[in-house]
There are 2 protein chains.
Amino acid sequence: MPDFKVTPYDVTGNVDYDRLINDFGVKRIDSTLHSKLTKICGDHPMLRRQFFFAHTNLDKFLAAKENKQPIYLYTGRAPSGPIHLGHMAVWGFTKWLQDAFDCKLIFQIPDEEKFLFKDNLTLDDTRRWTRENLIDIIALGFDLKKTKFLIDTKDASQMYALACQVAKKTTASTVRALFGLQNEDNIGKYFYTAMQSVPALIPSVWEGKSTQVLIPCAIDQDVHFRLTRDVAEKLGYPKPATILSKFLPALSSDGKLSSSSGQSIWSTDSPKDVEKKIKKYAFSGGKDTLEEHRRLGGNPDIDVSFQWLSIMFEPDDKKLENIRSDYISGRLLSGELKQILIEKINIFLAEHQKKRKDAEKVVDKTLNI
Amino acid sequence: MPDFKVTPYDVTGNVDYDRLINDFGVKRIDSTLHSKLTKICGDHPMLRRQFFFAHTNLDKFLAAKENKQPIYLYTGRAPSGPIHLGHMAVWGFTKWLQDAFDCKLIFQIPDEEKFLFKDNLTLDDTRRWTRENLIDIIALGFDLKKTKFLIDTKDASQMYALACQVAKKTTASTVRALFGLQNEDNIGKYFYTAMQSVPALIPSVWEGKSTQVLIPCAIDQDVHFRLTRDVAEKLGYPKPATILSKFLPALSSDGKLSSSSGQSIWSTDSPKDVEKKIKKYAFSGGKDTLEEHRRLGGNPDIDVSFQWLSIMFEPDDKKLENIRSDYISGRLLSGELKQILIEKINIFLAEHQKKRKDAEKVVDKTLNI
């Protein structure tokens, strides 16, 4: 048994991504595909640093773009709590893809999902979080003229019929195997994945012709879309493509940064919050004493602050490499590395929190939540 | 094992209704309750002849009416084929209840149900039947100002959130036990019953206060509402009441008149169709030869024509009793009994088919299907 676990509902341990590629039956984004992708849409640090590292059918999506066939992006957020940096990492990349491919995006808000999967969460809770999360999502700068939000309970009239089409092709056996459901689990959990398939297929309905969809998401979500790929074929829709990221590591470095860990950095955190959390919780690859660190140097590969810089806060390769070599050599101390990250996060969040103010008005006026 | 079977998806054999009352855990409408009911809303042949013979919580519904608390009726139709007389029997009574109680009615059209349960039916099929069935339903004369149609795929935005509330309280175990679902069944079948619960609960949401719902339906549907009763309590809604009918017997007298038997009488049948089918298929309680019949008489209790007259086509008790005694004595021949029924059905259908013409316009204009 591996010493890690990756499901759509839980990620723990030290994730072996090579093994995941194998277990999930997805493909690595190799250098050929990376070149092809960057030729069309330019490069991005998350691509060249292999934070987005795996895919399914990405080649088909690129072919559709090249052949000027209709394409869509699809991502989502199951509202159940505040937004943290792990969410923003994937959505920042998604926004970049939307601009790079100049295409429409479906942003699904499955406000029933966590309600169905968590005992103590009410639909009122998830609806409050829907509004709150939408503020963050819109603040990230998606092109609203090309972005369609699908809020499951609000937009069910657009979604339920297609969800039933998916459901009819999906047995209880399949969802029991894919999601570990039991007889004691509620029937909403059994049905839910059908709703998550809808945005992967509905663009073909809306466009009135075969439309290729690309889903940027963390690799734990691919299990839903494995089901969608099987069903798409049976229903006569193109199989959706996925472009899959690793996880932004938890501050403790155990598993992914998540809402349940309690040690997250939220979109609304103050500079003081950020400083306190990074200083207190960010797992360090530095040595125990100053003397030892100066002499032996730190290990950036296990250092959460360095990994966060690498994944989302230091896009400049040269600057990142300088930080890395300074850390390895012992010139850069753990505290100094943390300070670099703290400043980067706080600049990012200050900008984001300013945009949240405008986004709030957009949410209240445009979306009528 | 009994020599009959009653599930929401299949009724065969010679139904033992006493046994059903016991098996389903429902109650007989006894003379006390019948008196109480008729005191409020008058009598109806289907009540005094015990075609509607059983109930759950009917006393609570009557109490709500007496205490001027909000009340609703709820019935439905899963579109999958044409309307036959069995449907019209229950809905005719429902219309009478609507007038007698002067109350609002939800008429659910679960256009996904038969799609999910029948392999060869498409959603396009059920949607075509939705329009066609609505013409019949509206032609029956429901008070449209007080009737709300809920068409599942079209009105899912109003229904899905509450269906998820029901689903969260319903385990896979429960639906496996109630509906005989297996691992090989699709996840839409698992979820569907949650959608059928919605109209039993949503009046309380719409009215903003506890609202008592009464569901007139054939007894095979009670299994859905047994689930609703359990869940209603957990969600803080009043348990819905049901008033349950026997089945209009099949022409062959085996099980109920149904769409799948192929020997149905449809709402659009011509007088010739009706005559042919009754003469050819209606199981007779008469004797084999004229001489024998005159001498020994017929048996109305096993005669489908007599039962149909009793259930829906001869409301006059005295006339019915005359037919009965004439048949028993041998004065009335099988062919003559059939002729009485044929004429009654054809008068009923001629009137109905005239009303269908106006109803068609209402469906196209008002409901925008």
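On the side of chain A, 38 residues touch chain B, which itself brings 38 residues to the contact. Counting the surface lost from both chain B and chain A, the interface buries some 2,900 Å², and carbon and sulfur atoms represent 64% of this. On the chain B side of the contact with chain A, Tyr160, Lys168 and Ile187 of chain B bury the most area, a combined 28% of that side's loss. Summed over the shared surface of chain B and chain A, the number is zero salt bridges.

This paragraph deals with helix α9 (residues 172-179) of chain B. For α9 of chain B, the full list of buried residues reads Ala172, Val175, Arg176 and Phe179 of chain B. Seen along its axis, α9 of chain B keeps its buried residues to an arc of 105°; they face one direction. Of the surrounding secondary structure, the elements contacted by the buried residues of α9 of chain B are α9 (172-179) and α10 (187-207) of chain A together with α10 (187-207) and α11 (222-235) of chain B. Just past α9 of chain B, the residue Gly180 of chain B takes up positive phi, approximately 70°.

With that out of the way, let us pick up the relation of the copies chain B and chain A. For the match of chain B to chain A, the screw axis carries a shift of 0.0 Å, the RMSD comes to 0.0 Å, and the turn is 180°. Read as a symmetry element, the transformation amounts to a two-fold axis. The overlap is high: 100% of the interface residues of chain B also sit at the interface in chain A, so the same surface is used on both sides.

Opposite charge on two side chains permits them to pair, given that their charged atoms come into close proximity. Throughout the structure, instances matching the rule amount to 49 salt bridges over all chains. A cluster of three or more residues bridged by salt bridges with shared partners is formed by Asp43, Arg48, Arg49 and Asp317 of chain A.

This part covers the sheet that holds strand β5 (residues 71-76) of chain B. All names here are of chain B. Taken in spatial order, the seven strands of this open sheet run β3-β4-β9-β8-β5-β6-β7, and their pairing is mixed. The open sheet has two edge strands, β3 (27-28) and β7 (147-151), and neither has a second partner. The pairing of β5 with strand β6 (residues 104-109) spans five bridges and is parallel. What sits directly across from Thr75, in β6, is Phe107. Running over the sheet, helix α4 (residues 58-66) touches β4 (52-56), β5, β8 (212-218) and β9 (241-245) and is turned about 135° from β8. Against the sheet, α10 makes contact with β5, β6, β7 and β8, and its axis sits at roughly 150° relative to β6, the strand it touches most.

Attention shifts here to the packing of helix α8 (residues 156-168) of chain B against α10 of chain B. Residues and elements named next belong to chain B. Contact geometry for α8 and α10: axes closest at 7 Å, N-to-C directions at 110°. Classed by the angle they form, the pair α8 and α10 counts as roughly perpendicular. The two elements α8 and α10 meet at a crossing, and its hand is right-handed. Contacts between α8 and α10 pair Gln158, Met159, Tyr160, Leu162, Ala163, Val166 and Ala167 from the former with Phe191, Ala194, Met195, Ser197, Val198, Pro199, Leu201, Ile202, Val205 and Trp206 from the latter. Residue composition of the contact of α8 with α10, grouped by class: 15 nonpolar, two polar and no charged.

With that settled, the discussion passes to helix α15 (residues 317-329) of chain A. All names here are of chain A. For α15, built from 13 residues, the straight-helix expectation of 18 Å at 1.5 Å per residue is met to within 8% by its first-to-last C-alpha distance of 18 Å. What α15 keeps buried is the set Leu320, Ile323 and Tyr327. Taken down its axis, α15 places every buried residue within 60° of arc, on the same side. The distance from a side-chain oxygen at the start of α15 to the backbone nitrogen of Lys318 is 2.8 Å, and the residue carrying that oxygen is Asp316.

What follows covers the state of the cysteines. Residues and elements named next belong to chain B. Under the definition given, this model contains zero disulfides over all chains. As a non-bridged cysteine, Cys103 has Cys41 as the owner of its nearest cysteine sulfur, 10 Å distant. Using a relative accessible area of 3% as the deciding quantity, one classes Cys103 as buried.

As a further point, take the layout of surface pockets. Residue and element names in this part refer to chain B. In this structure, the second largest pocket encloses a volume near 1,000 Å³. Lining of the second largest pocket is provided by 47 residues; of these, His87, Lys114, Asp220, Gln221 and Lys256 occupy positions nearest its centre. Secondary-structure elements contributing two or more residues to the lining of the second largest pocket are β2 (10-13), β5, α5 (85-101), α6 (113-117), α10 and β8. Class assignment of the residues belonging to the lining of the second largest pocket gives a composition of 21 nonpolar, 17 polar and nine charged.

The predicted structure's coordinates, where accompanied by low pLDDT, should not be read in detail. Taken over all residues, the pLDDT of chain A has a mean of 94, while the share at 70 or more is 98%. We note a pTM of 0.94 for the whole complex and an ipTM of 0.93 for its interfaces.

The next point concerns the nonpolar core. In globular proteins that are soluble, nonpolar side chains generally tend to be buried together. Counting residues in hydrophobic clusters, the biggest one holds 108 residues, and the most contacted among them are Phe191 of chain A together with Phe191 of chain B. Setting aside chain neighbours within four positions, we find Phe191 of chain B in contact with Tyr160, Ile187, Gly188 and Phe191 of chain A together with Tyr160, Ala163 and Ala167 of chain B. Formed by 65 residues, the second largest nonpolar core is a distinct cluster that contains Phe51, Phe142, Leu337 and Leu349 of chain A.

Residues and elements named next belong to chain B. By the definition in use, this model includes 31 aromatic pairs over all chains. Ring geometry for Tyr74 against Phe225: centres 5.6 Å apart, planes inclined by 85°, an arrangement best described as edge-to-face. In this pair, Tyr74 sits in strand β5 while Phe225 sits in helix α11, placing the two residues 151 residues apart along the sequence. For the pair shown, Tyr74 and Phe225 are each scored as buried.

On to the sheet that holds strand β3 (residues 27-28) of chain A. All names here are of chain A. One open sheet accounts for seven strands, arranged β3-β4-β9-β8-β5-β6-β7; its pairing is mixed. At either margin of the open sheet sits one strand with a lone partner, and together these are β3 and β7 (147-151). As paired elements, strand β5 (residues 71-76) and strand β8 (residues 212-218) share three bridges and run parallel to each other. From the neighbouring strand, Leu73 faces β8, where its bridge partner is Leu214. Its contacts with the sheet put helix α5 (residues 85-101) on β4 (52-56), β5, β6 (104-109), β7, β8 and β9 (241-245), and the angle it makes with β5 is roughly 165°. Packed onto the sheet, helix α11 (residues 222-235) meets β4, β5, β8 and β9 and runs at close to 165° relative to β9.

Rules behind the numbers
Position numbers for residues start from 1 in each chain and track the written sequence from start to end. Both sets of labels track the order of writing: A upward for chains, 1 upward for ligands. Given that the model is predicted, a residue must reach a pLDDT of at least 70 before its local features are reported, and side-chain atom pairs must reach 80 or more before they are shown or counted; all residues, however, enter totals for whole chains, interfaces and linings. In computing side-chain properties, one takes all heavy atoms of the structure into account and sets aside hydrogens as well as water. Should any heavy atoms of two residues lie within 4.5 Å, those residues are counted as being in contact. The buried area of a pairing is the accessible area, by a 1.4 Å probe, that goes missing from both parts when the two are put together, added over both. A carboxyl oxygen of Asp or Glu within 4 Å of a side-chain nitrogen of Lys or Arg is what we treat as a salt bridge. Exposure classes here rest on a 1.4 Å probe applied to the protein chains alone. A residue is buried below 20% of its type maximum, exposed above 50%, and partly exposed in between. Labels follow the DSSP assignment, with helices taken as runs of H or I lasting at least four residues and strands as runs of E lasting at least two, numbered in each case from the N terminus. Read the arc as the range of directions from the helix axis to the C-beta atoms. Only residues with pLDDT of at least 70 in both copies count here: their C-alpha atoms drive the least-squares fit that superposes the copies. In this analysis, strands are considered paired if DSSP registers two or more bridges between them. Inter-axis angles, ranging from 0 to 180 degrees, are taken between N-to-C directions of lines fitted to C-alpha atoms, where helices are fitted over the stretch in contact. Any angle between 65 and 115 degrees counts as roughly perpendicular, while under 35 counts as roughly parallel, over 145 as roughly antiparallel, and the rest as oblique. We call a crossing left-handed when the near helix sits turned anticlockwise from the far one by less than a right angle, and right-handed when that turn is clockwise. Residue polarity is assigned by list, with Asp, Glu, Lys and Arg as charged and Ala, Val, Leu, Ile, Met, Phe, Trp, Tyr, Cys and Pro as nonpolar; anything else, Gly included, falls into the polar class. To estimate the expected span of a helix, count its residues, drop one, and scale the result by 1.5 Å. Distance and chemistry together define a polar contact, namely a pair of N or O atoms within 3.5 Å, with one atom able to donate a hydrogen and the other to accept it when in protein, and with adjacent residues in sequence counting only for side-chain atoms on both sides. Disulfides are defined as cysteine sulfur pairs within 2.5 Å. Buriedness for pockets is judged along seven lines, at least five of which must meet protein on both sides within 12 Å for an open set on the 1 Å grid over protein atoms alone, while cavities are sets there where a 1.4 Å probe fits but cannot get out, and lining residues have an atom within 4 Å of a point. Grid points are joined across faces, edges and corners, and a volume is the space filled by probe spheres set on the points. Every residue carries a pLDDT, the predictor's confidence in it, which falls somewhere between 0 and 100. Throughout, nonpolar core names a set of buried Ala, Val, Leu, Ile, Met, Phe, Trp, Tyr and Cys residues whose side chains join them through atoms within 4.5 Å. Side-chain rings of Phe, Tyr and Trp, where Trp is taken by its six-membered ring, are said to pair if the distance between their centres is within 6.5 Å; with planes under 30 degrees apart they count as stacked, over 60 as edge-to-face, and otherwise as tilted.

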